[in-house]
Structures are given as structure tokens and as C-alpha cells.
Amino acid sequence: MLDFLSGLAASRLAELAAAHRPDGPAPHGPKALAELLLDPGTVTGTIAALSLPELQVAEALSLRAAGTRRTDLAHLLGVAAGDADLGMVLGRLEWHALAWPDGEWIRTAPIHEVIVGGYGFGPSARLELAQLSLDRLQRIAYNLDAPVGRDRAALLDGACAALADAATVRAKFAAAPEATKDLLLALAEGDPFYFDPRQMGALRTNRPTALRWAVDHGMVMWNPAGMAAVLPSEVGVVLRQDQEDGFRADFDPAPPLQVPVEVSVEMVQRDGAAAIRAALAHVTALLEACGRAPVPMLKDGGVGTRELRRLGKAIGGDDLEMRLWLTLAAVSGLIGITDNRIAPSAYYDDWLKLDPPAQYGELLTAWLMMDAAPLDTGAPALLRTERDEAVSVLRRSLVSLLNGLPDGYALPSLDGINELQMYLRPLLTGADPEEAYPTTCLLWRELELMGLGALHAPTSLCRALAAEAGLDGTPHRPALLAELERLIPAAQRTVLLQSDLTAVATGAPAAALAELLDLTADRESRGGGHTWRFSESSVRRAFDTGATADALLAALREAATGGRVPQPLQYLVTDLARRHGAVRVRPVGCVLRSEDTTLLAELTRVKSLAKLGLTELAPTVYASALPPEQTLAALRAAGYAPAGEHPDGTIAFDQVRKHRVPTHQDSS
């Protein structure tokens, strides 16, 4: 691996690092990158995202841990060594750093540690040889005509390289005793694991047997610390290939046939553009709703169906849409959790200041990269599921799949899309079309809601997103924001104020404009156009926050198209300003009542009672800022003899409290 990486350009190394560790620090240098790429976890994640022919070739390569001659691989797959489809698939595996050419050989990452038991073969010889003692490794290497020494790593590499050579395996088989040949063929055609108590006992006593010869010559693996012996995949694949029926591994380079159908580009673009505007409006409305009343979470986390339905009723949409919008807001950093409730984050205010194209760009990028399955109803919204990572890969796969369609063409059905997804990501979809279909449907629904697909065809935004993310087979290039600026109108800085006390914005309002109108009017509609209606109660909200008539009218003139505020709206503002505050509500802790007005007046001059904030309400009634208990205590501390009073005017006497510890009687 290190030799392979050392021959790559710096840009290619950076590309590999970004592909295999997108969220963590990039490996420093080829050696660190090699360690990352050789890690079984990395190999597992890469293999999970392979297409069907890539997976088939990887499975064939996993049968020989030390590498495979290209001619042997082609023979195993039933194609010519120079087959174009095989060359293309090997090129893709090289791009993933799973396999790469080394002269006539193809070397691999430790695929054999991830794909074990393919086609019914035993594990690779390397897995078994690595557990043997040095002297046993030396004996096997000597019998395989491999270099012999005391370097354990070199012994292991030499023995594995010999077994990876089909010619060597055939030669050793030809030289084996007849009884050993029969044993090897039986293991190759049936269960590769072998256990016979008498044979195992013979191995421990070094008696010459058919099994002993196979073990000593590396044709069968046996670890004295274990029980059963096993025919390694390197031997099994050669023996099966040489049988009359000639074993061949699967290789299906051609995708399932799906004939695209013609579709109107204008209709696809129209539906996509409408979905984009609706999505942005719904996310904004959802965040506003969370800001007004934070959404409670379930005891075990997540948002339940009842809250989803309430949100859907408030802003317009079904449960699935609310799941998607909530998840988008979460992965974009627009919401957070406080006191087990969901509310907008501090970043939400900064996001509101962005123009609509930039706002949606952030949402779209977060959607493409999120490890989440928001439309999976098997768990409450915002809770992670075991399918999240698989759905994340399938989401990007579907975007790439759609992007491959020419303009004016669509896939014939969701069944066809599902079949292609199963070809592109077989390990993630599974082999059963019926089990894979629900996930495909949910992902297609996401694409429709995000404005990326319509009528089973890609929109122009889908192509821009694929180009931005490098899903179209070309290097990453900026294309998303320009397309969004074309599709989403710039934020409206002014609004049309009408005589019927409505305000109309033909596009998404700027953050400052929306804040002004949401304060002074009630929103009636959003989406393509936004409408607000002024009323006494809505304008009063502005006065309740401290606005004045002059300041409010000035703000409305600045926001109005042409600076014109209709007379009915001016009358409403000025009339309500005149009446606002005619009645005032003051908080009080309690009131003091006495027929002795001189005494009440005296209390206001006592310094120790200043904390009561006594205010005259009537000659015989004063208000205290503190509650009754604290007011009584302060008056008594100042030397007065006050008494409490019930609402009906009768004296409230203090109750003498006697604290007692309850007696615990013997239950017997």
C-alpha cells in the first residue's frame, strides 16, 4: 500500500484522505494515509458503498490475500484479461484504494479480513498462518518453496505469495499423495472446515497421514491451539476451478435495463422551483413556531407524533414533512435543546440575515451530507436509527443516479429507481427488492420536497448539487449558489401596503422586513407570496413592546413600496396609540388597609420600610411591592402591630405550627 501511495500525486493523496476521513483531521503523509486505508474499519466502510460489479470483483480478489494475477482474476470471472468492463471496475477499485496494479499482479487492501467465506470458501490463508508459531511457518514456507528465514513477517508474506500463485497450488496438489488429493477435493467441493478426532490426534503426534501432508505443505491450515482444520480460500478456488464444471465467480458489469422516458423539462423545472420555495418557507415557519413556543421532546428523546401533527397543522404540512424540516434545522445548527425543549439556536438569527439563496444552500448541503433517515417513522423525529449511515450513502447515490439522466428524460417508475439503487449499492439496500423499496420511496420523497427531483427526473438544482459535491464524476466545482440565485428570488426589502389593511410581499421577505411585519401584523400566507393583515390586536403588540406611533409609521413608510402608508393604516396606528395605556396594570405584592390615614402616611417615611415600595392607591389603601408574609415581617420588625386580612375583610390569624416527626409503628 505504501509503495502504491508513494507513486500518487499530492492532489490524489488529498482526495483519498478527504474521501475516507471527511470529518476528521487529514492523515499527514503517505505512511499515515496507508495506515488509515489498511484499517479494517476503513475497508469495511468502503466496501459497503461499492456497486454490484465492484463488489463482485472485490469478493473474487478477497480469495487471495497476497494478490491475484490479472489473468487468474479474469479466468475466475469468466472474461478475457483485457476485458474493458473488468478494466473499468478495477479502475474504480483503484480509485477507492482497495486494489491497484503491481506488474502482472493486482494487490489489495485487507479485503480478505472483511469479506470472509465468499462462495462457501474458507478464510484466507493469511488469517490462519498469522496464528502459527515461527517453526511451523518455516516448515510451511520451505514446503511451498518460499524463502525461509527467521523474520516472521517475511515468512508470512512469502507463504501467502506462494499460495496466491495458482500455478504453485496446482503443482503442490499434483505432488500430493492420492489420499491427500481426495481429502483436498472433498473439502473444496463441500464444507472447507474439517474435524476428525483421530486425524486431529495424529496431527498432534506427527504421525504421517493424508491430513498431515496437507497441513505441512500449507494446503490445509491447522492451528494446534484450535480444533478444526480448514481449506484456505487460495487453495479452494484453484481446486474448484479445475473441476469439470469449472467454478466461475459472478460478474455482472451491465446495470439492469431501464429505458428512460421523455418528460417535459419545463414541468420538471416548474415543480422543482415550487418545491424549493415551499421548503424554504416551511423551514422558516417551523423555526418561527419553535421560537414562539419551544417544542417539547419525549421523555426518551426525539419529537413525538402529536407534536409533529401540531406543527404540521400550524405551518401546513404532514408528519413526514415536519420530520424532514426538523432534521434539516438540526443538522444545519439552526435549533438546539433547552430544558428538554427544542428552540432556535443563536445561529438562527445570523442565518435569517442571509439572502434566501444562501439560506437554502446551507440547508441543501446539510441535507446531502447528513447521517440521518428523517422520514423513517420507526423512531421519534430527531432520534438516530441503525439505518442512518446506510441511508446517507443511498441519498448521495440517488442524486448521482438522477444526475446521470439526460435532460428531458426520466426513469419510468420508482420500481426502476429501486432496481438501479440495488445495483449501485447492493450491500446497503439488501438483495430483496421488496425490502429495499420503502427506503427508495422515502428518499425519492426527500428529493421531491427539496426540489431536486420531479416526475422521476432531475431538476437543474440536482445537477448543480451533484457538481458542487463531485457526484457527477468530475472534481468539485462551485455551481450551487449560482443556480439557487437563479431559482430563488432575492429577499424582498419592501412590501405593498394596501387600503384593506393587508401587506403583500411577492417573494421571501428580508429578515428585518419579516420581523417588522410579524410584530405589527398577523401572517395569513407564505410560500410564493407572503401576506399579512393589520388589526388592533396586532398593532397593539408593537405598542406593547415600547413602540411609538411616530416610530412605527416611520418604519412602515421605510418598508412600504414607494414609501406610501394607506390612510386606514395610519388611522389605525394613531387611534390605537391615543388609547394605548389608558388603563395600566401594576404588579403589587399585597395592599395595606387602615382607617388611620396618618399612620399609613407615617409608614412611607420609615427608612427600614423603604424596601416595601409603599405607594398610595387611596387615602386608606397603600400598595406594597413585597408579598404579605414579607410585608408583615417588615412592619413587625419596625415596631408596628399589623394583622393579616382575608379577601372578605376578616382578620387572618397566624397558625401556631408544631413540627413533629411521624412515629413509625412496627407493622407486626
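Residues numbered from 1 in each chain as written. Predicted model: local features only at pLDDT ≥ 70, side-chain atom pairs only at ≥ 80, totals over all residues. Heavy atoms only, no water.

Moving on, we come to the environment of leucine 484. Position of leucine 484 relative to the elements: it lies in helix 26 (residues 480-487). Exposure remark for leucine 484: the relative accessible area of 0% places this residue in the buried category. Measuring from C-alpha to C-alpha, the distance between leucine 484 and serine 460 comes to 9.6 Å, with 24 residues separating the pair along the chain. Once residues lying within four places of it in the same chain are set aside, the contact partners of leucine 484 are Pro357, Tyr360, Gly361 and Leu461. (Helix = DSSP H or I, 4+ residues; strand = E, 2+ residues; numbered from the N terminus. Buried < 20%, exposed > 50% of the residue type's maximum accessible area, 1.4 Å probe, protein only. Contact = heavy atoms within 4.5 Å.)

What follows covers the pattern of salt bridges. Inspection of every chain in the model, using the stated rule, returns 31 salt bridges. The residue aspartate 319 makes a salt bridge to arginine 309 at a minimum N-O spacing of 3.3 Å. You can see aspartate 319 sitting in helix 18 (residues 319-331) and its partner arginine 309 sitting in helix 17 (residues 305-315), a full 10 residues away along the chain. We classify aspartate 319 as partly exposed; its relative accessible area is 23%. Residue classification places arginine 309 among the exposed residues on the basis of a relative accessible area of 55%. The salt bridge involving glutamate 595 is made with arginine 593; its shortest N-O contact spans 3.8 Å. Assessed through its relative accessible area of 66%, glutamate 595 is described here as exposed. What makes arginine 593 partly exposed here is its relative accessible area of 49%. Residues joined in a network through salt bridges with shared partners are Glu536, Asp575, Arg578 and Arg579. (Salt bridge = Lys/Arg side-chain N within 4 Å of Asp/Glu carboxyl O.)

To continue, consider the state of the cysteines. One pass over the structure, following the stated rule, counts zero disulfides. With no disulfide of its own, cysteine 441 has cysteine 462 as its nearest cysteine by sulfur position, at a separation of 18 Å. (Disulfide = S-S within 2.5 Å.)

Our next topic: helix 7 (residues 84-95). Its 12 residues give helix 7 an end-to-end C-alpha distance of 17 Å, which sits within 8% of 16 Å, the value for a rise of 1.5 Å per residue. All of the buried residues along helix 7 are Leu86, Val89, Leu90 and Leu93. On an axial view of helix 7, the arc spanned by its buried residues comes to 100°, and they lie on one face. Summarising the geometry of helix 7, the exposed residues directed more than 90 degrees from the buried face are Ala84 and Met88. (Expected span 1.5 Å × (residues − 1). Arc of directions from axis to C-beta.)

With respect to the helices and strands, the residue glutamine 138 is situated in helix 9 (residues 134-143). Beyond its immediate stretch of four places on either side in the chain, glutamine 138 contacts Val148, Gly149, Arg150 and Leu155.

Attention shifts here to the sheet that holds strand 2 (residues 99-102). Hydrogen bonds between backbone groups are what pair the strands of a sheet, and the pairing can be parallel or antiparallel. Judged by pairing direction, the sheet is antiparallel, and its three strands sit side by side in the order 1-3-2 without closing on themselves. Only two strands of the sheet have a single neighbouring strand rather than two, namely strand 1 (68-69) and strand 2. With four bridges joining them, strand 2 and strand 3 (residues 105-108) adopt antiparallel strand pairing. The partner of tryptophan 100 across the bridge, within strand 3, is arginine 107. (Pairing = 2+ DSSP bridges.)

Right, let's get into unusual backbone geometry. One non-glycine residue, leucine 455, lies in positive phi territory at about 55°. Locating leucine 455 in the fold gives a position in the loop between strand 11 (453-454) and strand 12 (457-458). Positive phi values are uncommon outside glycine, yet histidine 456 reaches one of about 65°. Within the element layout of this structure, histidine 456 appears in the loop between strand 11 and strand 12.

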